[in-house]
Amino acid sequence: MKAKDYISLGFKNFQRSGRKNIAPIIIITVGILLFNIVTSFFTSITSSVNDTVVDNASLKFIHVSSAEGDLTNTDLEKLKEVDGVATVFPRTESFIGIEQNKEKITTTLIGVPDNAIEYFAEKENQSLSDNGILLNKNITTSLEEGDPVKLSYTVKVKENEGIRKELDATVANKIEPPYLISFPEDISIASLELVQTLNAGFLGLTREEYLQNPSYQEAIAIVPDVNAVSKAAGQFDEMGYITNYSLKASKSIPVIAKILASVGGILVVVLLIFAGTSIASIINQSLQNRYGEIGIMRAVGFKQKHLIKLFAVEVTIISFISFCLSILLSFFALKAIEHYVNNLGFADYTFILTIGTYQILASLAVIFLVSFISSAYPIKKASSIQVTDILKGA
């Protein structure tokens, strides 16, 4: 017999079996569906972490404080000496209004020194001279780069009494703000000197008076090399400081993915073993019900190798249908899970659950491996039946 004859006859036998094929198809499909979900959680979540966390520019910021009280300029100098640290500056912020003609918006200005502007600006060699500000592009406004504006802020005149003042400024650029732990979402960037001047006015002081004996609740250290962030934070900890940084939280993501993969992997193995056992039982029962048919085929000249090939075609058809269904269902299931998880609002993390080429090939390999291993014995047993055995009622 030619290959096309085996395929044609095998397909007819598959059709004749009808509903008996549903059980093994469902079992295999569910097993591979779970297999794809588990592997996608491990591979795709890890990939998402690499894309949206490890490569995230926000990771270079380390927030440093002291359990013993406020930080001083001496503390800042010590922190700058740690390997990998580009600069350290005090957390300085001011809530202000920005006005142009009749448009008014509010934002929280973060004071950044000149040597740190490059880590916030989207343009190279960005400077913030002449009261320039890097405006948060997520704030709804018609303001554009280069627009002159007025900064509106409160100046203390006496205890519990202040007046609003205005200061000329310019929108130097509009930027996507970095994710800074414990900072509000509406942050914009200005020079450290400008924000210090605004805060000094709020207290009724000049900037020079404001900077006498300064102390800070928190400092921000910038480590440009993400791979050096944990090491630098570790040195800060050894020096007695308290650190907080995005990478510390993100480290738990791959661990969670591995836990999910381990637990899910056990479930997959158990389900595949159950699937294999069920498939073997179903195929064995199906072939037993066809012993009369097998006897006829043996009588007309079918040899054992012919029957093995014929039954293998039937198992291949079942496996292929299960493969197509499992991949289709896996795609929709992963998209639904991805949509649900991302809507939970995990900070800066974006989970991208997909099925890659290698995963599809792995699914195909697992399906055929389980199907053929579980059906090997029933097929061998059925194909070895002789006409005399059937006549004896075997």
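Please read all numbers here as calculations on a predicted model, not as lab measurements.

Helix and strand content of the chain: 12 helices and 10 strands. When the 394 residues of the chain are sorted by exposure, 45% land in the buried category. Restricting the contact set of the chain to residue pairs at least 6 apart, pairs at least 24 apart contribute 78%. Surface exposure of the chain reaches about 20,800 Å², of which carbon and sulfur atoms provide 58%.

Tracing the sequence through the fold places Q196 in helix α4 (residues 192–202). The contacts of Q196, once residues within four sequence positions are left out, are T92, R207, Y210 and L211.

Looking now at the packing of aromatic side chains. Enumeration according to the criterion identifies 4 aromatic pairs in this entry. Where F331 meets F332, the ring centres are 5.5 Å apart and the plane angle is 80°; that geometry is what we call edge-to-face. Residue F331 is classed as partly exposed on the basis of its relative accessible area, which comes to 45%. On the accessibility criterion, F332 (55% relative accessible area) is exposed. Ring pairing ties together the aromatic residues F61, F89 and F120, which thus form one cluster.

As a further point, take the pattern of salt bridges. Throughout the structure, instances matching the rule amount to 5 salt bridges. For K150, the salt bridge is made with D168, and the minimal N-O distance between the two is 2.4 Å. Residue K150 is found in strand β6 (residues 148–158), and its partner D168 is found in strand β7 (residues 161–175); the two are separated by 18 residues along the sequence. For K150, a relative accessible area of 35% puts it in the partly exposed group. The exposure class of D168 is partly exposed, given its relative accessible area of 49%. Members of the salt-bridge network, linked through shared partners, are R91, E93 and E218.

Of note, S188 is situated in strand β8 (residues 187–191). Taking the relative accessible area as the measure of exposure, S188 reaches 0% and is therefore buried. Here N136 takes part through its backbone nitrogen, which lies 3.0 Å from a polar atom of the side chain of S188. Residues within four places of S188 in sequence aside, it is in contact with T107, T108, L109, I110, L134, L135, N136 and I139.

All right, on to the sheet that holds strand β9 (residues 219–222) then. The 4 strands lie next to each other as β2-β9-β1-β10, forming an open sheet whose pairing is antiparallel. Edge positions in the sheet fall to β2 (87–90) and β10 (241–245), since each of these pairs with one other strand and no more. With strand direction ignored, the average angle separating the axes of adjacent strands in the sheet is 25°. The pairing of strand β1 (residues 61–66) with β10 spans 5 bridges and is classified as antiparallel. Residue pairing for β10: H63 is matched across the bridge by N244. On top of the sheet, helix α3 (residues 73–80) reaches β1, β2, β9 and β10; it is set at about 160° to β2, its chief contact. In the packing of helix α6 (residues 229–238) onto the sheet, contacts are made with β1, β9 and β10, and the angle to β10 comes to roughly 155°.

All right, on to the packing of helix α9 (residues 291–299) against helix α10 (residues 304–342) then. Running from N to C, α9 and α10 cross one another at 135°; their axes reach a closest spacing of 10 Å. Relative to α10, the element α9 lies oblique. Of the two possible hands of crossing, α9 and α10 adopt the one that is right-handed. Of the residues in α10, those touching α9 at I294, M297 and R298 are Q304, L307, L310 and F311. The residue makeup of the contact of α9 with α10, split by class, is 5 nonpolar, 1 polar and 1 charged.

Sites flagged by UniProt as "transmembrane region" (unreviewed entry) map to residues 21–42, 259–283, 307–337 and 349–373. Between the C-alpha atoms that bound residues 307–337 there is a distance of 44 Å. The span itself is 100% helix and 0% strand.

All right, on to the environment of L198 then. Here L198 lies in helix α4. On the accessibility criterion, L198 (1% relative accessible area) is buried. In this structure the C-alpha to C-alpha distance between L198 and Y153, which are 45 residues apart in sequence, comes to 7.1 Å.

Counting residues in each nonpolar core, the largest one holds 29 residues, and the members touching the most others are I294 and F311. When residues of this core are traced back to their parent elements, those giving at least two are α1 (3–17), α2 (22–54), α8 (252–288), α9, α10 and α11 (357–383). Among the elements that make up this core, the one with the highest residue count is α10 (9 residues). Ignoring anything within four residues of it in the chain, the contact list for F311 reads L287, R290, I294, I379, A382 and S383. Ranked by size, the runner-up nonpolar core spans 19 residues in total, among them L76, V88, Y216 and V223.

What counts and what doesn't
Residues numbered from 1 in each chain as written. Predicted model: local features only at pLDDT ≥ 70, side-chain atom pairs only at ≥ 80, totals over all residues. Heavy atoms only, no water. Helix = DSSP H or I, 4+ residues; strand = E, 2+ residues; numbered from the N terminus. Buried < 20%, exposed > 50% of the residue type's maximum accessible area, 1.4 Å probe, protein only. Contact = heavy atoms within 4.5 Å. Areas by Shrake-Rupley, 256 points an atom, 1.4 Å probe, with all protein chains shown as cover. Phe/Tyr/Trp six-rings, centres within 6.5 Å; stacked < 30°, edge-to-face > 60°. Salt bridge = Lys/Arg side-chain N within 4 Å of Asp/Glu carboxyl O. Polar contact = N/O pair within 3.5 Å; in protein donor to acceptor, adjacent residues only side chain to side chain. Pairing = 2+ DSSP bridges. Axes fitted to C-alpha atoms, helices over the stretch in contact; angles between N-to-C directions. Parallel < 35°, antiparallel > 145°, perpendicular 65-115°, else oblique. Left-handed = near helix turned anticlockwise from the far one by under 90°. Nonpolar A, V, L, I, M, F, W, Y, C, P; charged D, E, K, R; others polar. UniProt positions renumbered as here; feature names shortened; annotations may be inferred. Core = buried A, V, L, I, M, F, W, Y, C linked by side-chain atoms within 4.5 Å.

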